[in-house]
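As a plain string of letters, each chain reads:
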Amino acid sequence: MNSIDLNGRSAVITGGASVGQGFETVMAQVCAQTLGCDYRNVRVVHGRTDRIEFGIGAHASRATVMTANAVAAAAANVRAKALDMAAVLLQADKSELDIRDGVVRRRGAATGPSISLAKVAQALRPTAKTRGARAPGLFADGWFETDHQVYPYGNQFCVAKLDPDTGAVTIEKYLVAYDIGRAINPTLVRGQIMGGFAQGLGGALYEEFLYDERGEPLSVSLADYLIPTIKEMPPVEILLAEDAPSPRNPLGIKGAGESGIAPVGAAIAAKASAADSCVVTIAVGFACWQSRANSAGSSARLLATRVAAMRVVSGASSLHMAAPSLSASRPSTSAKFASLNSSRTAVASARAPSTLCAPSSRNSRLPICARCSRPAQRVVAKPSRSAASDTGNCP
């Protein structure tokens, strides 16, 4: 439910829940943008079963997808009710009115007759004569229902170093490319992805439940159950794209909860599978998940994202693939990667320029090595040897 009190302040009462992901800020932003007021004047109330009896919690990347669309629907209903009342007070057609910064005025006019949302709320009090036959109070409910989940997609790339003597794995560089459809608050999305990556890194390399021969737990404290600290966190680049808004909700948003953690284990496992020999010192691999709902458009964007991100990590001079063209109406994902790549130092290509697989464009879903006809899923750099022995190092 969304309401405006007699002082012009907005309140959102929702069945969603916050677990520290910035839920309140995002809901306030959605309400303010839809209603036409400052988000700092929006108070978000959640977890109050005495105020709202229905709730969805915060899990499975549904907090923003479900709750934000419901908040937008409630705010739109309040906006329509406010404009209807303001049209009477300003003696104007409601189609000519707009709400900006909590003030109703004629659309496109910086000056002239206007009225604040506080005055509109006062005009809708139960005892106000200006209310007429309208329902008292400036508030409304909003619901959002969907019969299907949304499908985000992206890539994760990792540059890892393996110590052949100790088997220690060091993540030297990590890149996350993710299309969220629409980022309501990009800073919060990046923070959630970074936190998810840290958790995924711990699960892949550090965290483990250990027991002795009698079944007694050995991982009983954080001294025994290792988690990544700032020392173990590598530089992480996050490239956030909004090229493919979801068609399954009015805001076009997708979930972000699993985007950071889910592919980390697969990306690091690709390094482990490439590091069977002790001569392997660096391996680059990726894990990806893609939309099954947006078919051709999303597949094209996924491929462009994959190719461009691989160039960022391994060096543009070593990879050549014709990526599907994207719409010129907005900055494409590949353009964002290209601009970022121009200011970076190539990592893998600088260390082993002659050991990269040469991709072919025969398969639009997965790069194929032109020499060995195997999927070019990882790039392996080995210690320098003679030029004659450097041929045929396909993964």
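Note that the coordinates shown come from a computational prediction; the quantities given were computed from them, not determined experimentally.

Cut-offs applied
- Residues numbered from 1 in each chain as written.
- Predicted model: local features only at pLDDT ≥ 70, side-chain atom pairs only at ≥ 80, totals over all residues.
- Heavy atoms only, no water.
- Pairing = 2+ DSSP bridges.
- Helix = DSSP H or I, 4+ residues; strand = E, 2+ residues; numbered from the N terminus.
- Axes fitted to C-alpha atoms, helices over the stretch in contact; angles between N-to-C directions.
- Contact = heavy atoms within 4.5 Å.
- Salt bridge = Lys/Arg side-chain N within 4 Å of Asp/Glu carboxyl O.
- Left-handed = near helix turned anticlockwise from the far one by under 90°.
- Nonpolar A, V, L, I, M, F, W, Y, C, P; charged D, E, K, R; others polar.
- Phe/Tyr/Trp six-rings, centres within 6.5 Å; stacked < 30°, edge-to-face > 60°.
- Buried < 20%, exposed > 50% of the residue type's maximum accessible area, 1.4 Å probe, protein only.
- Lys NZ or Arg CZ within 6 Å of the ring centre and 35° of its normal.
- Polar contact = N/O pair within 3.5 Å; in protein donor to acceptor, adjacent residues only side chain to side chain.
- pLDDT = per-residue confidence, 0-100.
- Core = buried A, V, L, I, M, F, W, Y, C linked by side-chain atoms within 4.5 Å.

### Thoughts on the sheet that holds strand S1 (residues 2–4)
Overall, mixed pairing links the four strands, which are arranged S3-S2-S1-S7 in an open sheet. Of all strands in the sheet, those with a lone pairing partner are strand S3 (42–46) and strand S7 (138–140), marking the two edges. Each neighbouring strand pair of the sheet contributes to a mean axis angle of 15 degrees, computed without reference to strand direction. Where S1 lies against S7, three bridges are found, and the strand directions are antiparallel. Along S7, the bridge assignment pairs Asn2 with Ala140. Each of S1, strand S2 (10–14) and S3 touches helix H1 (residues 23–35); the most contacted strand, S3, lies at about 130 degrees to it.

### Some thoughts on the environment of Val159
Summarising the element assignment, Val159 is placed in strand S8 (residues 153–162). In this structure the C-alpha to C-alpha distance between Val159 and Glu172, which are 13 residues apart in sequence, comes to 5.6 Å.

### What to know about the pattern of salt bridges
Oppositely charged side chains can form a pair if their charged atoms are brought close together. Evaluation of the coordinates by the stated rule reveals nine salt bridges. In this structure, Asp38 engages Arg40 in a salt bridge whose closest nitrogen and oxygen atoms are separated by 2.9 Å.

### Details of the sheet that holds strand S6 (residues 114–116)
Taken in spatial order, the three strands of this open sheet run S4-S5-S6, and their pairing is antiparallel. Every other strand in the sheet has two partners, leaving strand S4 (97–100) and S6 as the edge strands with one partner each. Ignoring which end each strand starts from, the neighbouring axes of this sheet average 25 degrees apart. Note: strand S5 (residues 103–106) against S6, three bridges, orientation antiparallel. Within S6, the residue paired with Val103 across the bridge is Ser116. The sheet contacts of helix H2 (residues 63–90) involve S4, S5 and S6, and relative to S4 the element is tilted by about 120 degrees.

### Digging into the packing of H1 against H2
Relative orientation of the contacting elements H1 and H2 amounts to 35 degrees, with a least axis distance of 8 Å. Handedness of the H1/H2 crossing: right-handed. Where H1 approaches H2, its residues Phe23, Val26, Met27, Val30, Cys31, Thr34 and Leu35 are matched on the opposing element by Ala63, Thr64, Thr67, Ala68, Val71, Ala72, Ala75, Ala76, Val78 and Arg79. By residue class, the composition of the contact of H1 with H2 is 13 nonpolar, three polar and one charged.

### So, unusual backbone geometry
In the Ramachandran plot, Gln91 falls in the positive-phi region, its phi being about 55 degrees despite a non-glycine side chain. Along the chain, the position of Gln91 falls in the loop between H2 and S4. Unlike most non-glycine residues, Asp101 shows phi in positive territory, near 55 degrees. With respect to the secondary-structure elements, Asp101 resides in the loop between S4 and S5.

### Focus on the pairing of S4
Pairing of S4 with S5 involves four bridges; the strand directions are antiparallel. From the neighbouring strand, Ile99 faces S5, where its bridge partner is Val104.

### Quick notes on the packing of aromatic side chains
Considering all chains together, one arrives at two aromatic pairs under this definition. Here Tyr174 and Phe197 contribute two aromatic rings whose centre-to-centre distance is 4.5 Å and whose plane-to-plane angle is 45 degrees, an arrangement assigned as tilted. Of this pair, Tyr174 sits in strand S9 (residues 169–179) while Phe197 sits in helix H4 (residues 186–206), and the two are 23 residues apart along the sequence. Relative to Tyr225, the ring of Phe209 has its centre 5.1 Å away and its plane inclined at 35 degrees; by these criteria the two rings are tilted. Taken together, the positions of Phe209 in the loop between H4 and strand S10 (236–241) and Tyr225 in the loop between H4 and S10 put the pair 16 residues apart, joining distant regions of the chain. Taking relative accessible area as the criterion, Phe209 reaches 58% and is therefore assigned exposed. Over the ring of Phe139 we find Lys81; its NZ or CZ atom is 5.3 Å from the centre of that ring.

### Here's the deal with the side chain of Arg131
If you trace the backbone, Arg131 turns up in the loop between helix H3 (117–123) and S7. Within the structure, the side chain of Arg131 is placed 3.3 Å from the backbone oxygen of Pro126, a separation counted as a polar contact. Polar contacts involving the side chain of Arg131 include one to the main-chain carbonyl oxygen of Arg134, which spans 2.4 Å. Setting aside chain neighbours within four positions, we find Arg131 in contact with Met85, Ala123, Leu124, Arg125, Pro126 and Pro136.

### What about the confidence of the model for the chain?
Averaged over every residue, the pLDDT of the chain is 74; residues scoring 70 or more account for 68%. Low pLDDT, under 50, characterises residues 276–300; the predicted model gives this stretch 83 contacts beyond four residues in sequence or across chains. Here residues 315–395 scores under 50 on pLDDT; set against residues more than four positions off or in separate chains, the count is 143 contacts.

### Thoughts on the nonpolar core
Among the nonpolar cores identified, the biggest contains 42 residues, and Val30, Leu97, Val104, Val120 and Leu138 are the most heavily contacted of them. It is H2 that provides the largest number of residues to this core, a total of 13 residues. With residues near it in sequence (within four places) discarded, Leu97 still touches Leu83, Ala86, Ala87, Leu90, Ala92, Val104, Arg105, Arg106 and Arg107.

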